[in-house]
Amino acid sequence: MTLLEVVAFPVLFIWFVGLLLTLFRRDLESHWKFFFFLVFCFYLVQFFPEFWEGVARWKENPKAEVLLWISAMGNSIYVFLFFLWPLVLIRIYYSASNNLSKTLIPALAYGTVLYWALFFLWTIYSKEFNVWLHQIFTNK
C-alpha cells in the first residue's frame, strides 16, 4: 500500500472539516469560498479511489487504520519537509520583511529538529512504540 493510499482518507476528511469551518466564516468573500470548494472537489475526484479504499478499511478495522495513519503521517511529514525547505529558503531570500524571516526561520528549524529527534527515537524504539500503540488502541 502506498503512502497516498493510506493518507488520502484522513487528509480529505480533515480538509472537508476545514472547508466546512471556512464556509461559515463571515469575513471571507463568497468567491473565495467557492474557489476553496472547487479545489477540494478537484482533489476529491482525483483521489476518490484511494479515499474510498480508506473508508472501507476504516469500516473494517478502525483501530488498525488509525495506527496506519499515525505511521503514514510521520512519513508524509518527511516528504513534506523535503519539498518545503527549498521553497522556504527561496521565500526567505526574497522576503521584503525581516519579521517574516525572523519568525519563519526558527519555526521551521526547530520544527525540523523536533521531527528529526522524534524520527530518530522512532527508528530506535519502533517495536516498543508499536506495541504501546497497539495496547492503547486495543485496550488490552
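Residues numbered from 1 in each chain as written. Predicted model: local features only at pLDDT ≥ 70, side-chain atom pairs only at ≥ 80, totals over all residues. Heavy atoms only, no water.

### Quick look at the nonpolar core
Then comes step 1: The biggest cluster of nonpolar side chains holds 11 residues, and these are V6, V7, F9, L12, L19, F40, F51, V55, V66, W69 and A72.
Then comes step 2: Taken together, the elements giving at least two residues each to this core come down to helix 1 (3-23), helix 3 (48-60) and helix 4 (62-94).
Then comes step 3: The element best represented in this core is helix 1, accounting for 5 residues.
Then comes step 4: Taken domain by domain, this core gets at least three of its residues from each of domain 1 (1-60) and domain 2 (62-139).
Then comes step 5: The residues touching V7, leaving out its near neighbours within four places in the chain, are A72, M73 and S76. (Core = buried A, V, L, I, M, F, W, Y, C linked by side-chain atoms within 4.5 Å. Buried < 20%, exposed > 50% of the residue type's maximum accessible area, 1.4 Å probe, protein only. Helix = DSSP H or I, 4+ residues; strand = E, 2+ residues; numbered from the N terminus. Domains from an automatic or database assignment. Contact = heavy atoms within 4.5 Å.)

### Some thoughts on the pattern of salt bridges
Then comes step 1: All told, the structure shown has 2 salt bridges when counted by the stated rule.
Then comes step 2: The salt bridge involving D27 is made with R25; its shortest N-O contact spans 2.4 Å.
Then comes step 3: Overall, the relative accessible area of 51% leaves D27 in the exposed class.
Then comes step 4: Assessed through its relative accessible area of 43%, R25 is described here as partly exposed.
Then comes step 5: For E65, the salt bridge goes to R57, with nearest N and O atoms at 3.0 Å. The exposure classification of E65 matches that of R57, with both residues buried. (Salt bridge = Lys/Arg side-chain N within 4 Å of Asp/Glu carboxyl O.)

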